Amino acid sequence: MCGIVGAVAQRDVVDILVEGLRRLEYRGYDSAGVAVVNNGELKRLRRLGKVKELADAVDASPTPGGTGIAHTRWATHGEPSERNAHPHVSNDQLAVVHNGIIENHTALKKELEAAGYRFDSQTDTEVIAHLVHKIRQESDDLLSAVQQAVKKLDGAYGTVIMDTNDSDRLVVARSGSPLVIGLGIGENFIASDQLALLPVTRRFVFLEEGDVAEITRTSVRVFDKDGNPVEREEHESTISYDAGDKGQYRHFMLKEIHEQPHAVTNTLEGRLGKDSVLDETFGNGAAELLKKVKHVQIVACGTSYHSAMVARYWMESLANVSCNVEIASEFRYRKSVVQPNSLLVTISQSGETADTLAALRLAKDLGYLGSLTICNVAGSSLVRESDLAFMTRAGAEIGVASTKAFTTQLVGLAMLVLSLGKHNGLSAEQQADMVQALKSLPAKLEESLSLAERIEELAEEFADKHHSLFLGRGDQYPIAMEGALKLKEISYIHAEAYAAGELKHGPLALIDAQMPIIVVAPNNELLEKLKSNVEEVRARGGILYVFADVEANFESDENMRVIDVPHCHPWLAPILYTLPLQLLSYYVAIIKGTDVDQPRNLAKSVTVE
Ligand code: HGA
C-alpha cells in the first residue's frame, strides 16, 4: 500500500520519481505528490487521483531538483484529497512521505499544536513532519532528529524525510512498513518496493525493522533500532525490468491470468524428482524440520487465506497431518493453543502483509517447531524472518486482484502436502501419482484458458445483477470463496460463497431469477452430493452457471449454463477451476466498465493493519 520513492542525485530526479510512482501505483492510487529541493527551496506538487494527474501537473510546471521524494497514497486517515496527499511539509523546510499508521497521532498532534505547529491535513502522517521539525531545531543534523523522533512514534511507518537546510541527503526510517535502498553510481535511491527503482538500479539494500538510514549521493549509512551503525547486505535484483508493463494485454489482470501456466511451470521447476518432491524445495534444513511435523497452523489474509483453506483439506486427507487455518488479523490478537510438533505456515504474495507479519512475530515465542512462509517476493520481511521459505516464482503481480500468486501458492502448498505426507503414511505410489499430476498441471491450465470466449459471452448475463452466490463442496468450497472475492473486488457485484451443503440452512431463501448461482463441479467423490444441491436451486427457479468436469454429465438448459472444464486429477481441480472463475470476474468487470487493475478503495500489498 502507498508507494514511496526518493532520490538524491546530481541530475534532475523528478522524472525518476514520477516513473517510480507509476510503477508503484497498484499499491495505492487515490492521490499522489512529489517534493524536491530547488535552489534551496521546497517545491511541492500534489494531485487528487492517479499518478497520471500528477505527471500532467509536473509536465505543465516543471520544477527540477536533485533531491526529492514522492508518494502515491491509499488513505487510512483523512479522505483522499489534494490537502491530504503526501508529501506533508513543516514550515516550508521539511517534507515527509509515509506508509503506515501513526497510532499515537492524536496525542502527538495536541503536543505539537501546543508548541505552535499548525496542521494542514487530516492525516496521521503530518505529525511526523512537525515532530521532526521541532526536534531538528535543537539537533545537529537531520539524522539525529529523525532518530529521536521515531522513538516517540507508535504504530507502523516506512518514512522518508527531506530537509531544505540539509538538502544533499534523505533520512529514512522503517518500522512495520518496508523500505529498500537502491544503490546507483554517484546517486542513491529509496522506495517502498524495488519495482519502482528498476529503471535506475538493480542493486538493493533492504532495511530491517527499526532501521534508520541516511542516504547521500555517495554514501549510505544504516543504524539499527538502538542507533548502532550496521551493515545490511547488498542484493542484486533478478526481477524483470518489464514487470511493470502490460505488454499486449488490455489489463495487468488479464496478462496475469494468462501467465499462470508459465508461472506454475516456474514454480515447479527443479523441485520435483521422478516421483517425489525434492527435499531442498523448502530450503536448507527443511527436510529435518518437516520430518517432525504433526500439525500445521496456517495464517494468511484475503486470497492467501483461501489458498490456506484448500491446503487444510489436502493436509488432513493426504498428508495425515492435522491443520488449522486462521485469518492473520484474528490470530494475532487472540490467545491460541499450540499443538505439539506444530509448524507455522504464513502465506502472502508480497511478504509484507502487516497482519501476517505480525502473526509470525507473535508466534516466534509460542513454541512452534519452526516457521515456513509461502511468498512471491524474495528479500521480503516474511522471507527474511521465517525459518523456511518457499518462493512461488509467479513474477511481479501488479493487478490488485490476485491471480497467479494464488495458483502458485496452491502449487507450493501441494508440494508441502507431498513433503509432509512422505513422513506420515502417504504411499510411494500415491506420491508418484501426485507428482505426475503436478507435472501435467501447466498444460491443463493452458487448456482451461481456451474457455475465455465462452465465459466472455456468459458475462453479459451478469452485468445488471447486484448479488450472486458461489457454491462448492470440499476443497472446492474455498475456490467458491475465492471466485466470490474476485467478483466483488473488481466488478463490485455482491458475491457470497457457501459450502453447497449449507444452502438449506439459510441461503436458499435468497434464490430467485435475479440471483446468478455459480457452481464449481469437478468430477470427484462429492459430485453426486453437489448435484443434489444444484437440483435444490433449480427447484426454486435459480439461474445456474455450472463449471463442470467434461465427464460430470451436466446438461445446459433454460435455467442452467454448463461450462465444460477439462478433466484433471481430482487433487488439483481447485487450481484448475480457479482460472475460469478469474476470467468470469474479469469479463463481468469489463462489461461493467470498472477499473479492473485498480479497483476502488483497494490497494496491493496490504502493509497497514
Ligand atoms: N496513514 C497515511 C498513510 C497511509 C498508508 O500507508 N496507506 O498504505 C495516510 O492516510 O495518509
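Overview of the structure. (Residues numbered from 1 in each chain as written. Predicted model: local features only at pLDDT ≥ 70, side-chain atom pairs only at ≥ 80, totals over all residues. Heavy atoms only, no water.)

### So, helix α1 (residues 14–24)
Turning to step 1, where the next piece is worked out: When you tally the buried positions in α1, you get 8 out of 11 residues, the bulk of the element.
Turning to step 2, where the next piece is worked out: Along α1, the positions that sit buried rather than exposed are Val 14, Ile 16, Leu 17, Val 18, Gly 20, Leu 21, Arg 23 and Leu 24.
Turning to step 3, where the next piece is worked out: Where the residues of α1 are buried, they touch β1 (3–8), β2 (31–38), α2 (51–60), β4 (67–73) and β10 (188–191). (Buried < 20%, exposed > 50% of the residue type's maximum accessible area, 1.4 Å probe, protein only. Helix = DSSP H or I, 4+ residues; strand = E, 2+ residues; numbered from the N terminus. Contact = heavy atoms within 4.5 Å.)

### Some words on the environment of Ala 115
Turning to step 1, where the next piece is worked out: Along the chain, the position of Ala 115 falls in the loop between α3 (105–114) and α4 (126–136).
Turning to step 2, where the next piece is worked out: Taking the C-alpha atoms as reference points, Ala 115 and Leu 278, separated by 163 residues in sequence, lie 63 Å from one another.

### A closer look at the nonpolar core
Taken as a class, soluble globular proteins show a tendency for nonpolar side chains to be buried jointly.
Turning to step 1, where the next piece is worked out: Judged by nonpolar contacts, the single largest core of 93 residues is most densely connected at Ile 298, Trp 314, Phe 547 and Trp 571.
Turning to step 2, where the next piece is worked out: Top contributing element to this core by residue count: helix α18 (residues 573–592), with 13 residues.
Turning to step 3, where the next piece is worked out: Setting aside anything within four residues of it in sequence, one finds Ile 298 in contact with Ala 308, Ala 311, Cys 323, Asn 324, Val 325, Glu 326, Val 345, Ile 347 and Leu 413.
Turning to step 4, where the next piece is worked out: Leu 17, Leu 24, Ala 191 and Ala 196 belong to the second largest nonpolar core, which has 31 residues in total. (Core = buried A, V, L, I, M, F, W, Y, C linked by side-chain atoms within 4.5 Å.)

### Re the site of the ligand
Turning to step 1, where the next piece is worked out: Around the ligand, the surrounding shell holds 15 residues, and the nearest of these are Arg 73, Thr 76, His 86, Asn 99 and Gly 100.
Turning to step 2, where the next piece is worked out: Measuring from a nitrogen atom of the ligand, one finds a backbone N or O atom of Trp 74 at 2.8 Å.
Turning to step 3, where the next piece is worked out: Residue Asp 124 places a side-chain N or O atom 2.7 Å away from a nitrogen atom belonging to the ligand.
Turning to step 4, where the next piece is worked out: Contact with the protein chains hides 100% of the accessible area of the ligand, taken as 320 Å² for the molecule alone. (Near = heavy atom within 4 Å. Polar contact = N/O pair within 3.5 Å; in protein donor to acceptor, adjacent residues only side chain to side chain. Areas by Shrake-Rupley, 256 points an atom, 1.4 Å probe, with all protein chains shown as cover.)

### Some details on the sheet that holds strand β9 (residues 180–183)
Turning to step 1, where the next piece is worked out: Pairing is antiparallel in the open sheet, where 8 strands are placed in the order β3-β2-β4-β1-β10-β9-β11-β15. The strands lining the two open edges of the sheet, one partner per strand, are β3 (41–48) and β15 (234–236). Ignoring strand direction, the axes of neighbouring strands in this sheet form an average angle of 20°.
Turning to step 2, where the next piece is worked out: Pairing between β9 and strand β11 (residues 203–206): 3 bridges, direction antiparallel. Paired with Ile 181 across the strands is Val 205, a residue of β11.
Turning to step 3, where the next piece is worked out: Along the sheet face, α2 touches β2, β3 and β4 and points at about 135° away from the line of β3. (Pairing = 2+ DSSP bridges. Axes fitted to C-alpha atoms, helices over the stretch in contact; angles between N-to-C directions.)

### A look at the side chain of Ser 468
Turning to step 1, where the next piece is worked out: Inspection of the secondary structure puts Ser 468 in strand β21 (residues 467–472).
Turning to step 2, where the next piece is worked out: For Ser 468, a relative accessible area of 2% translates into the label buried.

### Observations regarding the packing of aromatic side chains
Turning to step 1, where the next piece is worked out: Tallied over the full model, the rule gives 4 aromatic pairs.
Turning to step 2, where the next piece is worked out: Ring geometry for Phe 282 against Phe 390: centres 5.4 Å apart, planes inclined by 35°, an arrangement best described as tilted. You can see Phe 282 sitting in the loop between α7 (260–268) and α8 (286–291) and its partner Phe 390 sitting in strand β20 (residues 388–391), a full 108 residues away along the chain. In this structure, Phe 282 and Phe 390 share a single accessibility class: buried.
Turning to step 3, where the next piece is worked out: Arranged with centres 5.7 Å apart and planes meeting at 55°, the rings of Trp 314 and Trp 571 form a pair that is tilted. Here the residue Trp 314 occupies a position in helix α9 (residues 302–319), and Trp 571 occupies one in the loop between β25 (560–565) and α18, the gap between them amounting to 257 residues.
Turning to step 4, where the next piece is worked out: The buried category is assigned to Trp 314, whose relative accessible area is 1%.
Turning to step 5, where the next piece is worked out: Here Trp 571 falls in the buried class, since its relative accessible area comes to 6%.
Turning to step 6, where the next piece is worked out: In this structure, Lys 50 packs its charged tip against the face of Tyr 29, placed 5.5 Å from the ring centre. (Phe/Tyr/Trp six-rings, centres within 6.5 Å; stacked < 30°, edge-to-face > 60°. Lys NZ or Arg CZ within 6 Å of the ring centre and 35° of its normal.)

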